[in-house]
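# Fold and geometry: a report
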Number of protein chains: 2
Amino acid sequence: MQSIKSYIQDNKDRFLNELIDLLKIPSISADSAYKGDVLKTADAIKISLEKAGCDHVEICETEGYPIVYGEKIIDKNLPTVLVYGHYDVQPPDPLDLWNSPPFEPVIQKTDLHPEGAIFARGACDDKGQMYMHVKALEYMTSNNELPCNVKFMIEGEEEVGSVNLAKFVAANREKLTNDVILISDTGMIAKDVPSITTGLRGLSYVEVEVTGPNRDLHSGLYGGAVANPINVLTKMIASLHDENNHITIPGFYDKVENLSDAERAEMAKAPFSLDAYKKSLDINAVYGEEGYSTNERNSIRPTLDVNGIWGGYTGEGAKTVIASKAYAKISMRLVPNQDWEEITDLFKNHFESIAPNGVTVKVIPHHGGQGYVTPIDSVGYRAASKAYEATFGKTPIPQRSGGSIPIVALFEKELKSKTILMGFGLDSDAIHSPNEHFGVWNYLKGIETIPWFYKYFTDSFK
Amino acid sequence: MQSIKSYIQDNKDRFLNELIDLLKIPSISADSAYKGDVLKTADAIKISLEKAGCDHVEICETEGYPIVYGEKIIDKNLPTVLVYGHYDVQPPDPLDLWNSPPFEPVIQKTDLHPEGAIFARGACDDKGQMYMHVKALEYMTSNNELPCNVKFMIEGEEEVGSVNLAKFVAANREKLTNDVILISDTGMIAKDVPSITTGLRGLSYVEVEVTGPNRDLHSGLYGGAVANPINVLTKMIASLHDENNHITIPGFYDKVENLSDAERAEMAKAPFSLDAYKKSLDINAVYGEEGYSTNERNSIRPTLDVNGIWGGYTGEGAKTVIASKAYAKISMRLVPNQDWEEITDLFKNHFESIAPNGVTVKVIPHHGGQGYVTPIDSVGYRAASKAYEATFGKTPIPQRSGGSIPIVALFEKELKSKTILMGFGLDSDAIHSPNEHFGVWNYLKGIETIPWFYKYFTDSFK
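Definitions and cut-offs
Residues numbered from 1 in each chain as written. Chains lettered and ligands numbered in written order. Predicted model: local features only at pLDDT ≥ 70, side-chain atom pairs only at ≥ 80, totals over all residues. Heavy atoms only, no water. Helix = DSSP H or I, 4+ residues; strand = E, 2+ residues; numbered from the N terminus. Rg over C-alpha atoms; globule rule 2.2 N^0.38 Å. Buried < 20%, exposed > 50% of the residue type's maximum accessible area, 1.4 Å probe, protein only. Contact = heavy atoms within 4.5 Å. Areas by Shrake-Rupley, 256 points an atom, 1.4 Å probe, with all protein chains shown as cover. Lys, Arg positive; Asp, Glu negative; His and termini not counted. Charge placed at Lys NZ, Arg CZ, Asp CG, Glu CD. Pairing = 2+ DSSP bridges. Axes fitted to C-alpha atoms, helices over the stretch in contact; angles between N-to-C directions. Least-squares fit on C-alpha atoms with pLDDT ≥ 70 in both. Expected span 1.5 Å × (residues − 1). Arc of directions from axis to C-beta. Parallel < 35°, antiparallel > 145°, perpendicular 65-115°, else oblique. Left-handed = near helix turned anticlockwise from the far one by under 90°. Nonpolar A, V, L, I, M, F, W, Y, C, P; charged D, E, K, R; others polar. Buried area = accessible area lost by both parts, 1.4 Å probe. Salt bridge = Lys/Arg side-chain N within 4 Å of Asp/Glu carboxyl O. Polar contact = N/O pair within 3.5 Å; in protein donor to acceptor, adjacent residues only side chain to side chain. Domains from an automatic or database assignment. UniProt positions renumbered as here; feature names shortened; annotations may be inferred.

On to the overall build of chain A, then. For chain A, the count of helices and strands is 13 helices and 18 strands. For 462 residues, the compact-globule formula gives about 23 Å, and the C-alpha radius of gyration of chain A, at 23 Å, lands near that figure. Viewed in the frame of its principal axes, chain A has a C-alpha envelope of about 80 × 50 × 45 Å. Across the 462 residues that make up chain A, the buried fraction comes to 62%. Of the contacts made within chain A by residues no fewer than 6 positions apart, 78% connect residues no fewer than 24 positions apart. Carbon and sulfur atoms make up 49% of the accessible area of chain A, which totals about 16,800 Å². Here chain A contributes 45 positive and 63 negative side-chain charges, whose respective centroids are spaced 2 Å apart.

Written as structure tokens, this is what we have:
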């Protein structure tokens with residue numbers, strides 16, 4: 001396995017150029033204008049899996065975007081790793097904040113990445129991290145180092161809720177049989193502090209619409225006399241948190257697991273500088289639920305954030321209008337035991353119940369998913385830990401993440417296997433933001449580490 | 001003067017077609033993309049004033065859009081009427097709610113307008129109402145019925161705060177000398193209930209910007225741990241009204257005139273059906289400041305309304321982002337004695353003071369103007385009242401309007417003359433809204449009534 005380092009050295013430019021080609025396709029699943037590009041990306045993934053050594057690759061149609069499935073079965077008696085990733089990306093707006101166009105990848109050096117980082121939408125989330133697995137497979141197949149069976153399942157709807165993946169998994173349990181699921185769609189604490197994500201938050205994402213008068217009105221003639229949907233919406237949203245930033249939706253916290261003091265003390269040991277955190281975001285203070293630290297607020301506690309709001313006149317200059325409608329997109333990050341469908345119902349019932357007379361309110365659930373906690377004493381976790389030790393020279397730290405990969409809980413339910421989250425991204429990668437990037441070092445380090453996971457995982461079955 | 005009826009009958013189609021041509025030019029002063037069209041409209045107004053009989057017409061340049069000035073001085077010893085109007089219009093969005101394109105005028109019959117109404121942005125506010133004065137002048141000059149001097153001052157920035165008109169008036173007091181200012185930019189109670197507007201509200205219009213982290217963030221990784229500018233903005237806006245819908249800005253009500261019970265009882269006599277009002281807007285309840293009626297809320301009481309709000313992801317589908325910035329446009333309607341600049345300062349100081357740690361807040365004043373109350377015992381008011389009697393057969397009702405024409409208070413201050421607000425629009429004209437229209441009957445009735453005002457006004461000086 002020592003040849004992996006030299007293989008990467010010899011093929012580095014090609015590995016980068018192949019990823020860059022993939023990043024050029026704007027596979028934005030949330031915007032139907034990009035349908036052709038999303039489909040084109042699926043085709044590109046299929047070809048890349050074939051080239052990397054899969055024996056059988058197919059594009060599995062769904063009611064939405066297809067799932068690319070590939071496999072290389074070397075021996076039915078050996079264990080099987082199922083790699084999951086996604087080829088769709090978040091919308092890139094606001095475009096004017098990008099330093100280079102989001103779908104024209106460039107490699108630029110940064111303070112954190114003196115070896116350069118690839119700037120493009122999807123560079124880290126998830127094309128870059130997913131493609132590490134394709135290149136790791138290429139290394140293993142072409143150097144006779146693949147120790148077990150491998151299956152790939154790469155979807156195109158992760159950024160819009162994986163609705164069709166859930167159906168696909170339920171309908172293809174046999175095909176997807178595996179001993180461990182491997183995902184790189186998370187981050188690590190720092191380049192010199194490897195970590196494995198052991199918890200993910202669940203998600204409930206809704207859109208709300210407040211309708212007042214049946215048309216936009218002149219604010220001089222009607223102002224003060226009819227309910228203004230924007231004012232009402234701000235009042236309704238503001239009421240969702242109390243003065244301690246607790247969420248006020250009745251029942252919201254009922255199933256939230258309260259960690260013991262010992263567990264919280266353990267968490268608090270992770271290296272973290274509040275000053276550096278504030279400085280990196282240019283903020284003078286953090287903000288959040290009373291009684292919890294920053295790292296607790298974004299991992300073990302549920303949250304409610306407005307992701308978008310709009311209504312009325314938003315152009316240049318002034319327009320004295322009372323809008324007929326106002327809208328917001330709101331998402332709740334959930335912790336293990338909170339059921340996303342139950343929380344969505346609680347939100348809907350509460351939000352509709354607080355609408356004042358004079359307006360009507362609609363709550364449209366978008367999508368969601370369950371939270372997840374993975375044990376650190378599993379075969380898979382131990383193999384991952386040893387893989388990091390082999391390439392980083394350090395034992396990785398288990399950490400809970402605030403993000404959500406809704407499908408992970410479903411995998412466990414449908415496929416009865418544990419998921420290992422080996423992320424190589426960094427918090428500073430600006431995923432979902434302008435100037436998303438992925439360090440060249442991180443990309444290559446991922447390719448280097450993955451084959452070690454296969455080795456240690458297979459070894460543990462011997 | 002009896003010939004005015006037959007003159008209108010003979011020229012009705014031309015009067016309509018000339019207005020339609022004017023309405024085709026999208027003179028949106030708030031949007032710099034329409035600069036050429038705004039300037040083109042000024043040229044069209046100049047030509048129309050020349051054709052209507054002005055001896056001298058000029059386009060007066062300002063730092064913004066020009067003011068069209070025209071005059072016909074028949075005898076320096078006779079009184080002078082100064083007509084004010086504006087040729088700019090509000091932005092037409094949301095475009096998808098228009099039944100026909102806003103700048104392709106059509107005449108359509110409605111229940112209220114069996115004679116038809118002209119549907120177009122600016123049909124009523126103010127191209128249609130302003131053009132009535134041009135056509136009334138045409139009648140008077142071509143039929144030897146002009147009894148006094150007339151000056152026209154038609155501006156192109158009313159919808160964006162008349163900043164340059166104020167400077168123009170201050171610099172041209174001599175040129176603008178007059179005995180009364182006549183404006184048609186308001187409405188009347190109903191087609192069979194003529195009214196004269198005797199009060200206008202003032203206006204303070206501001207834009208606010210809340211900045212949190214220095215870039216858009218992933219709501220999973222940062223949600224709950226940093227101040228979300230949109231959540232903060234909703235909280236700040238919500239706090240601007242208390243549970244009785246009183247405005248909470250310290251000092252906001254200090255100078256508000258409290259009407260006596262007798263005055264309120266007098267106001268309550270104006271014909272008004274709350275059921276019809278609610279039905280016309282499709283709302284199940286009105287909403288507003290505790291302790292006041294609907295007609296009081298939108299005339300004698302100050303208000304605060306959000307006119308636009310935006311931030312984060314507002315496209316199709318879902319994006320789990322915490323925006324770096326959130327924005328709102330907020331306007332306050334003010335009553336006489338509230339000084340708009342003082343109120344703007346109060347707002348700015350208060351809004352900045354309530355920003356929580358973790359965000360920075362900017363308040364950018366857009367524009368504003370003072371409220372105005374006109375006496376009903378002036379020479380001008382009496383002449384207007386008699387003019388309505390001559391054409392409607394009824395004494396008009398004095399009424400306070402909730403709208404603002406910020407320049408009116410300034411006219412009185414700079415030019416020492418009273419303004420008479422002879423409006424021929426209706427509340428249902430949807431000004432500032434999609435499907436703005438102006439009844440053909442109202443348009444022609446305005447042209448018919450205006451010459452009577454000139455007659456009675458001049459008579460009162462004999």
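Now, onward.
Before going further, it helps to spend a moment on the sheet that holds strand E13 (residues 325-334) of chain A. Read across the sheet, eight strands follow the order E14(A)-E9(A)-E13(A)-E11(A)-E11(B)-E13(B)-E9(B)-E14(B) without closing on themselves; strand pairing throughout is antiparallel. Unpaired on one side and paired on the other, strand E14 (360-369) of chain A together with strand E14 (360-369) of chain B mark the two borders of the sheet. Sheet twist, expressed as the mean angle between neighbouring strand axes with direction ignored, is 20°. Where strand E9 (residues 202-211) of chain B lies against E14(B), nine bridges are found, and the strand directions are antiparallel. Looking at E14(B), one finds that B:Thr211 is bridged to B:Thr360.

Between chain A and chain B, the superposition needs a rotation of 180° and an axial shift of 0.0 Å, giving an RMSD of 0.1 Å. On this basis, the relationship between the two copies can be described by a two-fold rotation axis. Comparing interface residues between copies, 100% of those in chain A also lie at the interface in chain B; the contact surface is shared.

Our focus in this paragraph is helix H10 (residues 340-353) of chain A. All names here are of chain A. With 14 residues, H10 extends 20 Å from end C-alpha to end C-alpha; this agrees with the ideal 20 Å at 1.5 Å per step. Here H10 has its buried residues at Trp 340, Ile 343, Thr 344, Phe 347, His 350 and Phe 351. Projected down its long axis, H10 carries its buried residues within an arc of 140°, all on one side. What points out from H10, more than 90 degrees from its buried face, is the exposed set Asn 349 and Ser 353.

Moving on: the packing of helix H4 (residues 163-171) of chain B against helix H12 (residues 407-415) of chain B. All names here are of chain B. Between H4 and H12, the shortest axis-to-axis distance is 10 Å and the interhelical angle comes to 15°. Judged by the angle between their axes, H4 and H12 are roughly parallel. When you trace H4 past H12, the crossing you get is right-handed. Contact with H4, carried on its side by Leu 165, Ala 166, Val 169 and Ala 170, involves Ile 407, Leu 410, Phe 411, Glu 414 and Leu 415 of H12 and no other residues of that element. Broken down by class, the residue content of the contact of H4 with H12 amounts to eight nonpolar, no polar and one charged.

Moving on: the interface of chain A and chain B. Across the contact, 94 residues belong to chain A and 94 residues belong to chain B. Note on chain A versus chain B: buried area summed over both sides is about 7,700 Å², and carbon and sulfur give 51% of it. Sorting the residues of chain A by area buried against chain B places A:Tyr287, A:Ile309 and A:Lys319 first, and these three jointly supply 9% of that buried surface. Summed over the shared surface of chain A and chain B, the result is zero salt bridges. The interface formed by chain A and chain B contains 44 residue pairs in polar contact (both at pLDDT 80 or more). In terms of residue count, the dominant contributor to the side of chain A that touches chain B is strand E11 (residues 303-312) of chain A (10 residues). Among the residues making up the side of chain A that touches chain B, the classes are represented as 36 nonpolar, 39 polar and 19 charged. In this sheet, strand E11 (residues 303-312) of chain B lies alongside E11(A) in antiparallel orientation, the contact comprising five bridges.

Residues and elements named next belong to chain B. The antiparallel open sheet is built from three strands, whose spatial order is E4-E5-E18. Looking at the sheet topology across the chains shown, the edges are occupied by strand E4 (106-108) and strand E18 (437-439). Across the sheet, the mean angle from the axis of one strand to that of its neighbour is 30°, orientation sign disregarded. Running over the sheet, helix H1 (residues 3-23) touches E4 and strand E5 (117-119) and is turned about 20° from E5.

So, on to the domain arrangement of chain A. Residues and elements named next belong to chain A. Domain boundaries in chain A define domain 1 (3-200 + 371-459) and domain 2 (202-256 + 302-369). One C-alpha centre belongs to domain 1, the other to domain 2, and the line joining them spans 35 Å. At the interface, 11 residues of domain 1 touch seven residues of domain 2. At the boundary of domain 1 with domain 2, total buried surface from both sides reaches about 690 Å², with 57% on carbon and sulfur atoms. By the criterion of area lost to domain 2, the three top residues of domain 1 are Gly 371, Ser 404 and Pro 406, representing 53% of everything that side buries. Counting across the interface, domain 1 meets domain 2 through zero salt bridges. Across the contact surface, domain 1 and domain 2 share zero residue pairs in polar contact (both at pLDDT 80 or more). Taken together, the residues of the side of domain 1 that touches domain 2 break down into five nonpolar, five polar and one charged.

Each neighbour pair has its own omega, and for A:Asp125 with A:Asp126 the value is 5°, a cis peptide bond. Its place among the elements puts A:Asp126 in the loop between strand E5 (117-119) and helix H3 (127-142). Omega for the bond connecting B:Asp93 with B:Pro94 falls within 30 degrees of zero, at 0°, which places this linkage in the cis form. With respect to the element layout, B:Pro94 can be found in the loop between strand E3 (80-86) and E4. Of note, A:Ser162 is a non-glycine position whose phi angle comes to about 55°, a positive value. Within the secondary structure layout, A:Ser162 lies in the loop between strand E6 (149-155) and helix H4 (163-171). Classification of A:Ser162 by relative accessible area gives buried; the value is 2%.

All names here are of chain B. For E11, the tally of buried residues reaches nine of 10 residues, placing the bulk of the element in the interior. Looking at chain direction, E11 and strand E13 (residues 325-334) are connected through eight bridges and run antiparallel. Looking at the pairing, Gly 311 lines up with Ala 326 of E13.

Per the UniProt record, "domain: Peptidase M20 dimerisation" (unreviewed entry) is annotated on residues 199-358 of chain A. Between the end C-alpha atoms of residues 199-358 of chain A the distance is 43 Å, and the span holds 29% helix and 22% strand.

Residues and elements named next belong to chain A. The element strand E9 (residues 202-211) is largely enclosed, with a buried count of 10 among its 10 residues. Burial along E9 is two-sided: Gly 202, Ser 204, Val 206, Val 208 and Val 210 facing one way and Leu 203, Tyr 205, Glu 207, Glu 209 and Thr 211 facing the other are all buried. Looking at chain direction, E9 and E13 are connected through 10 bridges and run antiparallel. If you follow Glu 209 over to E13, its bridge partner there is Tyr 327.

In this structure the tally under the stated criterion is 46 salt bridges over all chains. As a salt-bridge pair, B:Arg173 and B:Glu414 come within 2.6 Å of each other at their nearest N and O atoms. Highlighted residues: B:Arg173 in the loop between H4 and strand E7 (180-183) and B:Glu414 in helix H12, separated in sequence by 241 residues. Taking the relative accessible area as the measure of exposure, B:Glu414 reaches 14% and is therefore buried. Through salt bridges that share partners, A:Arg14, A:Glu18, A:Lys135 and A:Glu138 make up one connected network.

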